[in-house]
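# Analysis of the macromolecular model
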Amino acid sequence: MIATLSGVVLASSIYFYEMYFFTFSDIDRESTQKGSGPLTSPTEEYTANAFYELYGGAAGGVNVWVEITNNEKNKVQIVYYSDAKSNFAMEWVDKNTLYILNDEPNYPNSNRSIKLEIGKEIYHENGLACKSLLMKGEYETCYQN
C-alpha cells in the first residue's frame, strides 16, 4: 500500500510539474533546422525567425516555432509553437503584429494560422504555455488549438 501510494504521489507530482511549470527549454536545439527569417518588423524593433524540430523518428513529424528578437532590448521570446504544416509563412501586418500562416491546404481542420501582437500574445498548439505558472508574466493572452 505504501509503494502504491508513493507511486501515485510521484506520478501526480510529475504530471503537475510538466503541466504547470512548462518552459520551452525542452526544445532540442542541437537538431533544429532554420526556417523562415530573419524577417524584420516595419520599425526594425523586432526580428522574427522560424525553426523546425523533428520528432518521433521515421513515423514522426515536425514542430515549428517562431522566435521574436527585440532588437532594442536584445531579448528573445518564443511566441508560436505548433505542428508544422506544408504551407508556412510569416508576414508583419503592422509594427507589432505578426501573421503566421501554418496550414495544410488539403485538410481544412489543420489550419494553425494566427495573428499575434508581439509582447502581448502567444500561441502554443496544445496549451502548455497557457497553463504554465512560469510563463504567465510573458504574455497577456495565450491561444491554443
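Model, not experiment: these values are computed from the prediction.

This part takes up the pattern of salt bridges. Tallying each qualifying case throughout the model produces three salt bridges. Linking Arg112 and Glu125 is a salt bridge whose minimum nitrogen-to-oxygen distance equals 3.3 Å. Here Arg112 is found in the loop between strand E7 (97–103) and strand E8 (114–117), whereas its partner Glu125 is found in the loop between strand E9 (121–124) and helix H2 (128–131), with 13 residues between them in sequence. Put simply, Glu117 and Lys120 hold a salt bridge, and the shortest N to O gap is 3.6 Å.

Here we take up the environment of Gly35. Turning to its location among the elements, Gly35 is positioned in the loop between strand E1 (32–34) and strand E2 (39–40). Spatially, the C-alpha atom of Gly35 lies 15 Å from that of Val79, the residues being 44 residues apart in sequence. Apart from the residues within four sequence positions on either side, Gly35 is in contact with Ala50, Phe51 and Tyr52.

In this section: the confidence of the model for the chain. Put simply, the chain has an average pLDDT of 87, and 98% of its residues get 70 or more. For the chain, the element scoring lowest by mean pLDDT is helix H1 (residues 2–20), at 81; E8 scores highest, at 96.

What links the strands of a sheet is backbone hydrogen bonding, and the strands pair in either a parallel or an antiparallel sense. Taken in spatial order, the three strands make up an open sheet running E6-E7-E8, and their pairing is antiparallel. Each of the sheet's edge strands pairs with one partner strand only, and the pair in question is strand E6 (87–92) and E8. Within this sheet the neighbouring strands show an average axis-to-axis angle of 20°, counted without direction. Here four bridges tie E7 to E8, and the two strands are oriented antiparallel to one another. Counted as the bridge partner of Leu98 is Leu116 from E8.

Reading the values: the criteria
Residues numbered from 1 in each chain as written. Predicted model: local features only at pLDDT ≥ 70, side-chain atom pairs only at ≥ 80, totals over all residues. Heavy atoms only, no water. Salt bridge = Lys/Arg side-chain N within 4 Å of Asp/Glu carboxyl O. Helix = DSSP H or I, 4+ residues; strand = E, 2+ residues; numbered from the N terminus. Contact = heavy atoms within 4.5 Å. pLDDT = per-residue confidence, 0-100. Pairing = 2+ DSSP bridges. Axes fitted to C-alpha atoms, helices over the stretch in contact; angles between N-to-C directions.

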